[in-house]
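Observations on the three-dimensional arrangement
Each chain, letter by letter, is given below.
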Amino acid sequence: MNKRIAFIGMMLFVAITSRADEGMWVLTMLDKLNIATMQQKGCRLSAEDIYSVNNSSIKDAVVIFGGGCTGEIVSENGLVFTNHHCGYSSIQQLSSVEHNYLRDGFWSRSFEEDLPVDGLSVRFVVRFEECTDKILEGISDDTPIAQRDSLLDKNTDKVLETVESLPFHKAMVESFFGGNQFFLIEYAVYNDVRLVGTPPESIGKFGHDTDNWMWPRHTGDFSIFRVYADENGQPAEYSASNKPLKPKHYLPISLKGTELGDFAMTVGFPGSTDRYQTSFGIDARMNIENQAMIGPRTVKQEIWLESMQKSEKVNIQYASKYASSTNYWKNSIGMNRGLTRLNIIEKKQQLEAEFQKWADATPERKAKYGNVLSRLEKSYKDFRPYSYALEYLYECQIGGPEVFRFAYNARDIEKALNHSNPELRAMVIDAIRTAAQKFFKNYDAQTDKDVIAALGSYYFNLPTEFVPDYMTKIVKKYKGNFEKFAADLIAKSMFVDETRLAKFLEKPSAKVLAKDPAYQAAVSIFSKYHEIYYGGVDYMSRISEDNRLFIKGLMEMQSDKAFYSDANFTMRLSYGSVGDYDPSDAVHYKHFTTLKGVMEKEDPTNWEFVVDPKLKSLYENKDFGRYADKDGTMHVCFTTNNDITGGNSGSPVINGDGELIGLAFDGNWEAMSGDIAFENELQKCINVDIRYVLFVIDKIGNAKNIIDELKIVE
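Residues numbered from 1 in each chain as written. Predicted model: local features only at pLDDT ≥ 70, side-chain atom pairs only at ≥ 80, totals over all residues. Heavy atoms only, no water.

Okay, the overall build of the protein next. A count of helical and extended segments in the protein gives 27 helices and 22 strands. With respect to the principal axes defined by its C-alpha atoms, the protein has extents near 75 × 70 × 60 Å. Burial statistics for the protein: of 714 residues in total, 59% are counted as buried. When contacts within the protein are restricted to residue pairs at least 6 apart in sequence, long-range pairs at least 24 apart make up 78% of them. For the protein, the computed accessible surface area is about 29,400 Å², with 49% contributed by carbon and sulfur atoms. (Helix = DSSP H or I, 4+ residues; strand = E, 2+ residues; numbered from the N terminus. Buried < 20%, exposed > 50% of the residue type's maximum accessible area, 1.4 Å probe, protein only. Contact = heavy atoms within 4.5 Å. Areas by Shrake-Rupley, 256 points an atom, 1.4 Å probe, with all protein chains shown as cover.)

A cluster of like negative charges, contributed by Asp149, Asp153, Asp157 and Glu161, occupies part of the molecular surface. With respect to the helices and strands, the residue Asp157 is situated in helix H7 (residues 145-161). For Asp157, a relative accessible area of 43% corresponds to the partly exposed category. (Patch = residues over 30% accessible without salt bridge, like charges linked within 9 Å, V, L, I, M, F, W, Y side chains within 5 Å. Salt bridge = Lys/Arg side-chain N within 4 Å of Asp/Glu carboxyl O. Lys, Arg positive; Asp, Glu negative; His and termini not counted. Charge placed at Lys NZ, Arg CZ, Asp CG, Glu CD.)

In the structure shown here, the tally under the stated rule is 36 aromatic pairs. Centre to centre, the rings of Phe406 and Phe439 are 4.1 Å apart; their planes meet at 10 degrees, and the pair counts as stacked. Remark: Phe439 occurs in helix H17 (residues 422-441) and Phe406 occurs in helix H15 (residues 403-408); sequence separation between them is 33 residues. Residues Phe406 and Phe439 agree in their burial class; the two are buried. (Phe/Tyr/Trp six-rings, centres within 6.5 Å; stacked < 30°, edge-to-face > 60°.)

To continue, consider the side chain of Asp192. Following the sequence through the fold, Asp192 ends up in strand S9 (residues 192-198). Polar contacts involving the side chain of Asp192 include one to the side chain of Arg194, which spans 2.8 Å. Within the local environment of Asp192, its side chain forms a polar contact with the side chain of Asn242, the two groups lying 2.8 Å apart. If near-sequence neighbours (up to four positions away) are discounted, Asp192 is found in contact with Arg226, Val227, Tyr228, Ala236, Glu237, Tyr238, Ser239 and Asn242. (Polar contact = N/O pair within 3.5 Å; in protein donor to acceptor, adjacent residues only side chain to side chain.)

Moving on: the nonpolar core. Phe81 and Ile697 are the most contacted members of the largest nonpolar core, which has 109 residues in total. Looking at which element gives the most residues to this core, the answer is helix H26 (residues 690-700), with 8 residues. Ile697 has contacts with Phe81, Trp107, Phe222, Ile224, Asn702, Ala703, Ile706 and Ile707, leaving out every residue within four places of it along the chain. If you look at the next biggest cluster of nonpolar residues, it comprises 84 residues, including Ala292, Phe355, Phe485 and Phe495. (Core = buried A, V, L, I, M, F, W, Y, C linked by side-chain atoms within 4.5 Å.)

Another aspect to go through is the pairing of S9. Of all 7 residues in S9, 7 are buried, a share of seventy percent or more. Note that strand S4 (residues 106-107) and S9 share 2 bridges and pair antiparallel. When the bridges of S9 are listed, Phe106 appears paired with Thr198. Pairing geometry for strand S5 (residues 115-116) and S9, over 2 bridges, is antiparallel. The partner of Leu115 across the bridge, within S9, is Leu195. (Pairing = 2+ DSSP bridges.)

A separate point is the state of the cysteines. Per the counting criterion, the structure on display carries 1 disulfide. Between the sulfur of Cys69 and that of Cys86 lies a disulfide, 2.2 Å long from S to S. Disulfide Cys69-Cys86: torsion about the S-S bond near -80 degrees, hence left-handed. Here Cys69 is found in strand S2 (residues 69-73), whereas its partner Cys86 is found in helix H4 (residues 84-94), with 17 residues between them in sequence. Cysteine Cys637 remains unbridged, with the sulfur of Cys685 as its closest cysteine sulfur at 11 Å. According to the relative accessible area criterion, Cys637 is buried, its value standing at 0%. (Disulfide = S-S within 2.5 Å.)

This paragraph deals with helix H14 (residues 372-398). The end-to-end C-alpha distance of H14 is 34 Å, clearly below the 39 Å that 27 residues give at a rise of 1.5 Å each. Along its length, H14 reaches its greatest deviation from straightness, about 50 degrees, at Arg384, and the proline Pro385 lies no more than four positions downstream. (Expected span 1.5 Å × (residues − 1). Bend = angle between axes of the 7 residues up to and from the residue.)

Another aspect to go through is unusual backbone geometry. With an omega of 10 degrees, the peptide bond between Trp215 and Pro216 qualifies as cis. With respect to the helices, strands and loops of the structure, Pro216 is situated in the loop between helix H9 (208-211) and strand S10 (223-229). The phi torsion at Asn343 lies on the positive side, around 55 degrees, for a residue other than glycine. Mapped onto the elements of the fold, Asn343 is located in the loop between helix H11 (312-341) and helix H12 (344-359). The phi torsion at Ala586 lies on the positive side, around 70 degrees, for a residue other than glycine.

When their charged atoms lie close together, side chains carrying opposite charge are able to pair. Considering all chains together, one arrives at 43 salt bridges under this definition. Between Arg148 and Glu545 there is a salt bridge, with its nearest N and O atoms 3.5 Å apart. Pair noted here: Arg148 is in helix H7 and Glu545 is in helix H23 (residues 517-557), with a separation of 397 residues, a long-range link. Glu545 carries the same exposure label as Arg148, and that label is buried. Here Arg297 makes a salt bridge to Glu395, at a shortest N to O gap of 2.9 Å. Taken together, the residues Arg297 in helix H10 (residues 279-310) and Glu395 in helix H14 connect sequence positions 98 residues apart. The pair formed by Arg297 and Glu395 is uniform in burial state, with each residue classed as buried. One continuous salt-bridge network, built from bridges that share partners, spans Asp141, Arg148, Lys368, Glu545, Arg548, Lys552 and Glu556.

Attention now moves to the packing of H12 against H23. It is at 11 Å that the axes of H12 and H23 come closest, and there the two elements cross at 75 degrees. The angle between the axes of H12 and H23 places the two elements in the roughly perpendicular class. Contacts from Leu351, Glu352, Glu354, Phe355 and Trp358 of H12 reach H23 at Phe550, Gly553, Leu554, Glu556 and Met557. (Axes fitted to C-alpha atoms, helices over the stretch in contact; angles between N-to-C directions. Parallel < 35°, antiparallel > 145°, perpendicular 65-115°, else oblique.)

In this section: the pairing of strand S7 (residues 169-176). Taken together, the 8 bridges between S7 and strand S8 (residues 181-190) define a ladder with antiparallel strand orientation. Paired with Met172 across the two strands is Ile185, which belongs to S8. Turn length for the S7-S8 hairpin, with the two strands adjacent in sequence and antiparallel, is 4 residues, and the turn residue Phe177 shows positive phi of about 50 degrees.

Bringing the side chain of Lys300 into the picture now. Mapped onto the elements, Lys300 comes out in helix H10. Despite its burial, Lys300 pairs with no opposite charge, the nearest such side chain being Glu395 at 5.0 Å. Filtering out sequence-adjacent residues up to four positions away, Lys300 remains in contact with Ser325, Gly399, Gly400, Val451 and Leu455.

Attention shifts here to the environment of Lys313. Tracing the sequence through the fold places Lys313 in helix H11. The sequence separation of Lys313 and Phe665 amounts to 352 residues, and the corresponding C-alpha distance is 28 Å.

The next point concerns the packing of H10 against H14. The contact between H10 and H14 brings their axes to 9 Å, and the two run at 10 degrees. Overall, the two elements H10 and H14 adopt an arrangement that is roughly parallel. Contacts from Phe280, Gly281, Asp283, Ala284, Asn287, Ile288, Glu289, Gln291, Ala292, Met293, Pro296 and Arg297 of H10 reach H14 at Leu373, Leu376, Glu377, Tyr380, Arg384, Ser387, Tyr388, Glu391, Tyr392, Glu395 and Cys396. Classifying every residue of the contact of H10 with H14 by side-chain character gives 12 nonpolar, 4 polar and 7 charged. (Nonpolar A, V, L, I, M, F, W, Y, C, P; charged D, E, K, R; others polar.)

In short, shape yes, function no, at least from these values alone.
So this is what it looks like as structure tokens:
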């Protein structure tokens, strides 16, 4: 079930003795669960080297980058490596037609040339402590759902009150194992982060959507930033007087390369997995959530791409949005394909039959777990029409056209105009002005007009009770012609034109606001969304609680197993090895790619496969410097069997000596079911070789100042 509608997914247990490469492990438990196996596989570090409370360790060099990626500190001056696609929105934000860093790249030659990125931050983990007993105080499995939720909120507040309030620190309590375990996590948040380097997207996004989720891969998916701190080395907002951060730990970089079977681990912030979802939940994921993402986004992305190819300005405006949309769209397609191929629903049903037999075996277990699966089946069935409507309403009306979400912000203006406090009105209007600057920088009204028309018509086919009121008016006024409605909206609404909106904000009027067609539609859309949401919220609560009991029962049923919780964007470690694989009959994929593959894929007529002229010259002259492999070739990417998912993008791939050997950036198409079912034979983590990263910095960017800043191990 989609996280947008507040559904919490499941986790999967795994015996570490059988498949050590599967698992997203909490670092505080490494000494107890994992380190011995890791050392057997080639890790020469201790658990304390990786996670230490009192001393610097690898965890101090790994950060949450922005809102949904991972980065790593690689120098004593706060230099951060992450993926190009993780830095993409920041690079886009700094780009213009005059300075197109997306197309041309950017390399800072000194601290003074680093480019501040408004709104970008990184977070370091300060502490990670279990607090389960405190959070579950006064709660049992028999506690009614509403009372349980109330007590959880109350107990969480108590735990957070014990955390010392420090500037730029953020504490939160996170749920693990579906609500059976809890951890208190504290972060230090640095809000002054600046762009240092990025390759041109012909390198950083080589292959674009065609190669996304694919192997073999030839993408230099990296970008470079720097964290700045105040004069005392503490987190701070941007200031010209800030200095580069002196980190507790940074990763040395290895030029030794990789061999088949070498130990490899990732440390990062995987976002979300549903590894132990029930068959009912997987059916909903495949046939509701994923289908809702595939259909409408196909329509939207075709419109966006056509506009982007016609205009450099629109291309810059929509590049990041398009990349993000297509990434999840293609993931959904691949996931459905993989889950079907692996017969995952049937396998889940077999496990559920085993669980039911186990639960019915004793009176105590039957009383506690005997009806869990039947209740889940009924709740999913009852929730289905609400879930379907919520997913499609989001994709077609809230996450499809851009103007509706923006216009809905004006609800605050409407409230403020009815309030007697002039200071409140001024504050709200200033906030809208600020939001408008960001919105219009990356908005094209004519592109959005086509999306409004296409997705409005798409959604109107849903049952009448799920259709927003404004659409019924379209049927009457425009005789069901959404193209005419969209054209009329673009011609009349102030929310598609920066000048019109600015004029309105100079002298705002509730009467004028109420007549705006985009605002009318937005209010209607969100009103219907809230109506549907609250109609299904009771089913969501039941599903969440019964999933928790299902997980708890499974852990009892297989008490000899080592369990790891589902990903929830908290720091995790995965470990495995460098490896090749056989995706299909008579097909074998090596564990690495070289620059030769870039040249083989070159297609000057296809914007996805244009090769940088300087890169081609370096290849032809075999000018790879000290970054070449011992076989004389320039390695570009390699694969491992590390267990990663979204949020791990940019995670450091670290060898047995604690040295950086690559940046994780993707998974492979054959194992797109991985968020729900780990595919032991096919699951691969795709990484850009750190030697290719340094080669591009040095030979393409001529940024030897960056190279000199790193601790390189040869």
